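Report on the structure
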Amino acid sequence: MDQVWEMQVRLVASNRIGSEIIETEHGKSEIKFYGNSFIVANRAYRRNCFIFCDDKEEADLIAEFDLDKIKSTRHCWGVFRNRRPDLYKCYTSVEQDVGKHVL
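In this report, we go over the structure that sits alongside the text.

Our focus in this paragraph is the overall build of the chain. For the chain, the count of helices and strands is three helices and five strands. Mapped from its N terminus to its C terminus, the chain presents α and β elements in the order α-β-β-β-β-β-α-α. For the chain, the proportion of its 103 residues judged to be buried stands at 19%. Taking as baseline every contact in the chain between residues at least 6 positions apart, the subset at least 24 positions apart corresponds to 43%. Accessible area for the chain stands at about 8,700 Å²; split by element, carbon and sulfur atoms hold 50% of it.

Another aspect to go through is the pattern of salt bridges. Enumeration over the complete set of coordinates arrives at three salt bridges. Where glutamate 20 meets arginine 16, a salt bridge forms, and the shortest distance between an N and an O atom there is 2.8 Å. The shortest N-O distance in the salt bridge between arginine 84 and aspartate 86 comes to 3.1 Å. For aspartate 86, a relative accessible area of 43% puts it in the partly exposed group.

Another point: the packing of aromatic side chains. Scanning all chains against the criterion turns up one aromatic pair. When the centroid spacing of 5.9 Å and the interplanar angle of 40° are considered together, the rings of phenylalanine 38 and phenylalanine 52 count as tilted. Placement of phenylalanine 38 in strand S4 (residues 38–41) and of phenylalanine 52 in strand S5 (residues 49–52) is noted, with a sequence separation of 14 residues between them. Phenylalanine 52 gets classed as exposed once you look at its relative accessible area, which sits at 52%.

For the rest of this paragraph, the subject is the side chain of serine 37. Residue placement: serine 37 occurs in the loop between strand S3 (27–34) and S4. Take serine 37: its relative accessible area is 10%, and that puts it in the buried class. Here asparagine 15 takes part through its backbone nitrogen, which lies 2.7 Å from a polar atom of the side chain of serine 37. Beyond its immediate stretch of four places on either side in the chain, serine 37 contacts Ala13, Ser14, Asn15, Ile51, Phe52, Cys53 and Leu61.

What counts as what
- Residues numbered from 1 in each chain as written.
- Predicted model: local features only at pLDDT ≥ 70, side-chain atom pairs only at ≥ 80, totals over all residues.
- Heavy atoms only, no water.
- Helix = DSSP H or I, 4+ residues; strand = E, 2+ residues; numbered from the N terminus.
- Buried < 20%, exposed > 50% of the residue type's maximum accessible area, 1.4 Å probe, protein only.
- Contact = heavy atoms within 4.5 Å.
- Areas by Shrake-Rupley, 256 points an atom, 1.4 Å probe, with all protein chains shown as cover.
- Salt bridge = Lys/Arg side-chain N within 4 Å of Asp/Glu carboxyl O.
- Phe/Tyr/Trp six-rings, centres within 6.5 Å; stacked < 30°, edge-to-face > 60°.
- Polar contact = N/O pair within 3.5 Å; in protein donor to acceptor, adjacent residues only side chain to side chain.

Structure follows, in structure tokens:
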């Protein structure tokens, strides 16, 4: 989970619960779904925001994120201060001519 903080991202993991019987070439087989869905937000936005479900009951997890606050936090942390988007154009343009771009 430390990378969630370092990379300034929000992480959402959605997992089924329960089980399902399926027919295979070897007969019936049970698939178990382990649940434990969760949402994690970095501590700069909400102090250690962890929202979890268990593996027994279905649940809806909802989290709201203030995009302006996230942008401000990213700016303060300086994570992207050394970005050089002008150097990415050769990788993001539709008409790529690699021979013309020297990095």
